[in-house]
Each structure stands twice: as C-alpha cells, then as structure tokens.
Amino acid sequence: MFDGYTSSELMSIFAMQGFAGLSLFSVFVLMALGLAIIFGQMGVINMAHGEFMILGAYTTYLTSGFFQSYLPGLFGGYFFIAMILAFLICGALGALVEWLMIRHLYHRPLDTLLATWGLSLIMQQAYRSIFGAREVGVDLPEWMMGAIPVTEMVDLPINGLFVMVIALSVAVGVYLLMYRSGYGKKVRAVVQNRPMAEAVGINSAGIDRATFALGCGIAGIAGAAFTMIGSTGPSSGQAYIVDTFLVVVFGGAQSLIGTIVSAFGISQAQSTMEFFLSGSMAKVLTLLVVIGILMIRPEGLMALKVRR
Amino acid sequence: MKHSPLMKWFASREGMYYLALAFLLVVLLPLVLEPFRLNMVGKYLTYAFVAIGLVMCWGKAGILSLGQGVFFGLGGYCMAMFLKLEASTPEATAIQSTPGIPDFMDWNQLTELPWFWEPFHSFSFTLLAVIGVPVLLAFVIGIAMFTRRVGGVYFAIITQAIAAVLTILIIGQQGYTGGVNGITDLQTLMGWDIRTDEARNILYFICVGMLFLCLFAARFVQNRKLGRILVAMNAQEMRVRFSGYDVAAFKIFVFCLAAAFAGIGGALFTLLVGFMSPSFIGIVASIEMVIFCALGGRLSILGAVYGALLVNAAKSGFSESFPELWPFAMGALFIGVVLAFPDGLAGLYKSYVMPLENKVFKRNKSEAVPAVSTPAAGTTDGYSPMTETYSPEKS
C-alpha cells in the first residue's frame, strides 16, 4: 500500500495523519477518561456517556451564542467559561442520574448498561426536539484559527493543538486527583476493597456519586473540546461510544495510563490507515485488531491486579 | 410417560399457555388483520426468534450479547443473497454491462460474481448457511471469549463492537454487499413469487411454525439438566466449575443456540419483508432486540414472543402517529424494565394473573397446581429469577 510514494512524502503523510490522529486521540482521551473512572470505580457501563459529551457540546454552543450577542468584546475567552459550565452542568446531571438510577443497580452491571442506554435514547431525542436534527457548529475565536507551518508540507492547525493541550491537562488533572489527593486515595480504597474501605469510615456511596459526577463532568469537557474540531448533532455522541468503550477495555479498565496508551494506539492506527485505505476499512481493521488482541488478552493492556 | 403424554401436556397449565399463543397466532390474528398487517406481525415474529435466543443466552445463562443483530443479519443476508441471485438472471439483467450479476454489483463496476456469492445459487446450501454461518461465527467468538473467561460487561461490549464492525463492513463494501441500501428487489423463491398477499400469508404461517419449533427446542433445553446447569452457571459460576462441569462449553453451546435462532429469524425476515439492509443488524437494532427479551421477562421463552410482538407493535404505532415520541417511550421502557420490573411481563403475569388463575383452577378442581413454580437455582443480583410461569411437570 506504500507504492508510489517517495520516502519524504511518506514521512509527511505519516506526520500529517499522525497529527490528525492526535486530534482523534484527544477526543478519545477526554471521553475515555470519564468512562474509565466510572467503569473502573464502580464497574458501571455508562452507555449515555456520549450524550453527556454532547450536552457539553451544546452548552458550549449556547455559551458562544451568548457571548456573541451580549459580550462580543470577551468572545476570545468564551471557551474557558463554556468548558467550566459544561463540566458543572454535566457533573450535576451525572449526580442526579446516579441518585435516581445508577445507585439502585450497582449489583447488576448488565442492567445498568440497558438502563443507561434508555437514558441515552431519551437524551438524544431531547436534543433533537430542542436543538433540531441538524448539526450545529460554533464560531472559533480568532486566535484559534489558522495553522502553524512546521515544514513546507506539514501544517499543524491551532484548534487541534489546543484540544490536545486540553486533553493532556485534563489527563494530568485526573492523575493528580486520583493519585495525589485525599479524594483519590478514598476512591482507590473503595475500588480495591469496598467492605474494608467502608469499615474504616469511608462513605462509599458518596464516593460513588462524586465519581460518577466527575466522570460525566469530564465528558462535558470532552464535548466542549469537541466543538473546536467538529460540529455537533443529536447523535454525534453515539458515533464515538463503541470506540471509546473499546479504548477503555483495551487499556485495562482500571488503569488511567492504560487508557491513554490505548487511546493513542487506536487513534493513530485508525488515522494512519485511513490515508491508505478507505475510511470504513481503516475502522474495520482497527476494531478487528483490538477485538483480536482483547481475545488473547482479555484483561487489557495494563491491568490492575486486585484481590477480590 | 405411559399414557398419551402429549395430551396430558396439552391439558397441563404450560400446554395451555402454548395453545393460547398458537390460537392467537394461527387463528385470531389471521382472521382479524388484513394481509398487510399480518405481514407486519410476521416481521415482528422474526424478532421473537432472536428474543427466544436471548432468553436462553442472557436470561438463563447470564451472557448478555449486544450483537444478536449480527446473527440475525447473517441469516438474513444468506437468504437475501440466494433470492437476489435468483432475481438476477441474465435475461432480467440484460441491460447491465455484465448481465447475470446483481444490479448493485454492476453499478459498482464489478464484472463477475465474487467467489463467496457462488454457492448461494444452491437453495440447499442457502438453508444450511442460514443456520451454519451464524453458528460458526458464534462458535468462533464463543471459543475465543469463554475459554478465556471473558464474560459479563466485557462480553457485551465486544459483541457490540462486532456488530459495529459488521455494519461498517457491509456499508463500506458496497459492490459486494449492496451497501447501505442492502439487498433489495427480491422477487421469487424457487420460482414462487413472494410478493403476493397469498405468498406472504403462507410465509407468515411458515414463520409461526418455525417459531413453535424454536420454542420447543428452547423448552427442551431448559427442562433438561442442561438448562439447570445454565441457570446454575448464572448464579454461581465457580461452584459449577468446581463441580466438574466445563463452563465454557455450556456457554459456547447456548451462545451458538441463540445464534441459530437469530439466523432463522433473519432468513424469515428477508422472506417476509422482501429485502435486507444493514440498518436491521447494527448496534441500535441489536440492543433493541435485548429489550424485546427484557420486556417479555428475561427468563420466559413465551414471554419473549409477547415482548417482541408488543415492542414492535408499539414502535410501528408510535412511528405512524408520533414519531418524535417513540425514542422517549423506548428509553423509558429500557429504564422501567430494568428498575421497576426486571422480570418483565412474565413476572407481572406471575404475580397478578396467576393467583386469579389458581383460584379458578381450584374451584374447578381440574388440576392440582402448586401455587408457584419451583424457584430457580438461587437468587442472583437481588431479584429472584423465576422459571417459566407454570409448574414444571417433567414428562
């Protein structure tokens, strides 16, 4: 499949596709981090995660509209407000969903999967009723447009770089929260041994709710970032959900590093192959390879050893 | 087993339930409904095959597959390929640049039939493939997953990914599969026009007949020791393993069984509807199949039939009058079935209708039925699983 390309062309192709893969990687990381936290912590599969992401995206869309009409002078900075709003709104909705639905189903993970799927259907239709079936996009602030030329054949778009920066900062933030804070210590204690954690006085129900809300909030940030590189429609979230689950499972459910590594691998493989094959075949091949590896190594790339 | 066991079974309560379903499907609906509606009921029934498979696979054995649409689709596509080849005779396709191949291949500049289409000229091969291809795939997936003890949520996600892969593959490979439109314009089965009302009626009855065959097959499995082991495996997998049973083998078996049912359903779907397309087999379609089973009651094979009928009828009803409300109803159904009544219609029937039934039966003294059927092995997940809503009388 490399016939007809000179080696310098190949290098540029790999660089360009590699960068395109990096924006996919950023979206994957942002979505998968939220999922991985929820799945790793509670064993809950949140099928509505994509819809939480889209909620974040619509929040950004509304915020940008608000800034355009009322605060045009501050338009350059609206994105940061939008991101915080998206985090808060999605987190609050997440906490509500946990309280109403998820907490009754902790012992039935498969049923949670079905219930959250139902939730995702409802949310999708709600978006369709409120925002219409057409995809909406936001106007980028001026500083985010354009590209940085690296060589004469390779340009790096600034919005893509920006999304990547967000993804990495969120990843670092989650790492610090999980491994360097009191809250994180409690979360890990509950994951490793729930009865013992409760016995030493950790409020495991509270931890569960906070964690679910945190995961959903990160999905909101993912949605906000997503608007920078693509347009948002009612069912955009569903398009990512299968990939993201595979990212989480492939990385090893309870390992944040594993999630990031697998997001990197999957997105790079997909975007590099996309250049040489058709988009659909690239996706099929990527998914098949991931499924194949999971069959050989079901615990994922980096599994956390836990005695149950 | 001595004196006319079949008659005895029909007089039992379980037999009554089967007779009631047979009466509904064979007598009542054909009399009441016009041919168009009856054909739609037939279409719903093809989903009941999948739902029965899911009862065995998910309800009994605890393996949730979110990829049953794959097997449904494989069965359906096998049948569609045969019908398409029959419809694409050199005379009928004389205007194409390559006569004798299906029209969508011609549109995609294919000049000869791909090798994997060749065997579908034969009807007997097609019938074999309708069951064989899904079972083979299920067997491969099953071996890979269950021998490595992948289960639960992981299995669900991976089967869902497989459904995604198959859909993308079919849509992407237009020239070989008909792409997003699917395989359309199917006309005759061995020279018999399947588009007339009469043919559709006959196909409906064939569908009902096959459905009962599958119901009896599922009943056979669940009433044997095999069925008990499946339920036990769901409740206490380790204990079953330590008792010396090969858990993986049982799981592979039940997964293949569900795939076979789904394949049969898919083939009948193609015959009844007249085309097959990727929209019936993708992620969304596959997960909807789970709700048919869940609504009926995940442990009741008869419930699965009613579940498939009701959900699909509601779907058509809503989509005709309030299309924008259907996703809300569907979502509420998913959440409600899981949170409020995990045993579905069969569970509701058991707790509200059965007591009445018992009173009637007692007054007539016709049958000494134990009030409640034997509880299934153990209590899983905080709700009590129930066996069928009848007293199990071993024949």
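Rules behind the numbers
- Residues numbered from 1 in each chain as written.
- Chains lettered and ligands numbered in written order.
- Predicted model: local features only at pLDDT ≥ 70, side-chain atom pairs only at ≥ 80, totals over all residues.
- Helix = DSSP H or I, 4+ residues; strand = E, 2+ residues; numbered from the N terminus.
- Rg over C-alpha atoms; globule rule 2.2 N^0.38 Å.
- Buried ≥ 20, exposed ≤ 12 C-beta atoms within 10 Å, placed from the backbone.
- Contact = placed C-beta atoms within 7 Å.
- Nonpolar A, V, L, I, M, F, W, Y, C, P; charged D, E, K, R; others polar.
- Expected span 1.5 Å × (residues − 1).
- pLDDT = per-residue confidence, 0-100.
- Core = buried A, V, L, I, M, F, W, Y, C linked by C-beta atoms within 7 Å.

(A) The overall build of chain A, seen in detail. When helices and strands are counted, chain A shows eleven helices and two strands. Secondary structure elements in chain A, listed N-terminal to C-terminal, are α-α-α-α-β-β-α-α-α-α-α-α-α. Radius of gyration (C-alpha) of chain A: 20 Å, near the 19 Å computed for a compact globule of 308 residues. With respect to the principal axes defined by its C-alpha atoms, chain A has extents near 65 × 55 × 35 Å. Counting only residues that meet the buried cut, chain A has 49% of its 308 residues in that class. A sequence separation of at least 24 residues applies to 78% of the contacts in chain A between residues at least 6 apart.

(B) How the structure looks around the interface of chain B and chain A. Every contact between the two is made by 38 residues of chain B and, on the other side, 35 residues of chain A. The set of elements that each furnish at least two residues to the side of chain B that touches chain A consists of helix 6 (123-146), helix 7 (152-172), helix 13 (283-296) and helix 15 (326-339) of chain B. It is helix 7 of chain B that contributes the most residues to the side of chain B that touches chain A, 15 residues altogether. Among the residues forming the side of chain B that touches chain A, the class breakdown is 30 nonpolar, five polar and three charged.

(C) Representation of helix 8 (residues 204-229) of chain A within the structure. Its 26 residues give helix 8 of chain A an end-to-end C-alpha distance of 38 Å, which sits within 8% of 38 Å, the value for a rise of 1.5 Å per residue. Most of helix 8 of chain A is tucked away: 21 of the 26 residues are buried.

(D) Region of interest: the confidence of the model for chain B. Residue and element names in this part refer to chain B. Overall, the predicted model of chain B reaches an average pLDDT of 84, with 91% of residues at or above 70. For the stretch residues 366-395, pLDDT sits under 50, and the model shows 61 contacts to residues farther than four places along the chain or on other chains. Quick note on the complex model: pTM equals 0.86, ipTM equals 0.85.

(E) Highlighting the confidence of the model for chain A. Of all residues in chain A, 94% have pLDDT values of 70 or greater, and the mean over the chain is 84. For chain A, per-element mean pLDDT is lowest for strand 2 (residues 155-157) of chain A, which scores 74, and highest for helix 3 (residues 78-100) of chain A, which scores 92.

(F) Quick look at the environment of B:Leu226. In this fold, B:Leu226 is placed in helix 10 (residues 225-235). Classification of B:Leu226 by C-beta neighbours within 10 Å gives partly exposed; the count is 14.

(G) Local environment of helix 10 (residues 256-276) of chain A. Residues and elements named next belong to chain A. Taking 1.5 Å per residue, 21 residues should reach 30 Å; helix 10 reaches 31 Å between its end C-alpha atoms and fits that length. The set of residues buried in helix 10 consists of Leu-256, Gly-258, Thr-259, Ile-260, Ser-262, Ala-263, Gly-265, Ile-266, Ser-267, Gln-270, Ser-271 and Met-273. Summarising the contacts, the buried residues of helix 10 are in contact with helix 1 (7-42), helix 5 (158-179), helix 9 (236-251) and helix 11 (279-296).

(H) Up close: the nonpolar core. The biggest cluster of nonpolar side chains holds 207 residues, and the ones touching the most others in it are A:Leu30, B:Ala48, B:Ala51, B:Ile52, B:Leu54, B:Ala304 and B:Phe334. Of the residues forming this core, the biggest block, 18 residues, is contributed by helix 12 (residues 247-273) of chain B. Setting aside residues up to four positions removed in sequence, B:Ile52 forms contacts with B:Cys214, B:Leu215, B:Ala218, B:Phe261, B:Ile301 and B:Ala304.

(I) Highlighting unusual backbone geometry. Residue and element names in this part refer to chain B. The phi dihedral of Arg-149 falls on the positive side, at around 60 degrees, and the residue is not glycine. In this fold, Arg-149 is placed in the loop between helix 6 and helix 7. Positioned with a positive phi, Asp-185 is a non-glycine residue whose angle comes to about 65 degrees. Mapping Asp-185 onto the fold places it in the loop between helix 8 (174-177) and strand 1 (188-189). Note on Asp-185: 15 C-beta atoms within 10 Å, which makes it partly exposed.

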